[in-house]
Amino acid sequence: MDALLSTDNVHPSRDQLLARRRAAQRAWRSACERVERATQYLHEAQRAPHSPAATTTRERLEHARHRERQARTVYYRVAKESGALLSTLERTDVGIA
């Protein structure tokens, strides 16, 4: 994903920009699903009294939440940057730029 932030003079194609955005969106969606599963496992682990699994599951949930926040940040950054680059490509294709 950081290739989008590269300062090289390489101009990605429209398809490459869209693929990067979709990949970031899939990563975010996957992270959200992991949070949902971790939340469900935590609720199940908490039903068992004095279960050490609850502590481990809680840690996994916090880790999943952290990864989801990271994935969301990356998605929004990629979406913003790819949107700007797509606008430039569209203007160039029309001959405006």
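The following paragraphs examine the structure supplied in this document. Counting restarts for each chain: residues are numbered from 1 in the order of the written sequence. Note on the predicted model: pLDDT of at least 70 is required for a residue's local features to be given, and 80 or more for side-chain atom pairs to be given and counted; whole-chain, interface and lining totals, by contrast, use all residues. Calculated side-chain values reflect all of the structure's heavy atoms, with hydrogen atoms and water omitted.

1. Remarks on the nonpolar core
No. 1: Buried residues of nine kinds, namely Ala, Val, Leu, Ile, Met, Phe, Trp, Tyr and Cys, make up a nonpolar core once their side-chain atoms join them within 4.5 Å. Note on classification: 1.4 Å probe, protein chains only; a residue is buried when its accessible area is under 20% of the maximum for its type, exposed when over 50%, partly exposed between these limits. The biggest cluster of nonpolar side chains holds 7 residues, and these are A24, W28, A31, A71, Y75, V78 and A79.
No. 2: Elements are defined by DSSP. Helices are runs of H or I of four residues or more, strands are runs of E of two residues or more, and each kind is numbered from the N terminus. For this core, the secondary structure elements donating two or more residues are α1 (14–47) and α2 (53–94).
No. 3: With 4 residues, the single largest contributor to this core is α2.
No. 4: Ranked by size, the runner-up nonpolar core spans 5 residues in total, among them V35, A38, L61 and A64.

2. Here's the deal with the environment of R20
No. 1: With respect to the helices and strands, R20 occurs in helix α1.
No. 2: As a C-alpha pair, R20 and Y75 span 55 residues in sequence and 9.2 Å in three-dimensional space.

3. Observations concerning a positive patch on the surface
No. 1: Candidate patch residues must exceed 30% relative accessible area and have no salt bridge, after which like charges are joined if within 9 Å and Val, Leu, Ile, Met, Phe, Trp or Tyr side chains if within 5 Å. Throughout, the Shrake-Rupley method with a 1.4 Å probe supplies accessible areas, and for residues the shown protein chains are the sole cover considered. Any carboxyl oxygen of Asp or Glu within 4 Å of a side-chain nitrogen of Lys or Arg constitutes a salt bridge here. As used throughout, the charge tally considers Lys and Arg to be positive and Asp and Glu to be negative, leaving His and the chain termini uncounted. Lys charges are placed at NZ, Arg charges at CZ, Asp charges at CG and Glu charges at CD. Taken together, the side chains of R14, R22, R26 and R29 present a region of like positive charge at the surface.
No. 2: Mapped onto the elements of the fold, R29 is located in helix α1.
No. 3: Overall, R29 belongs to the partly exposed group, its relative accessible area being 44%.

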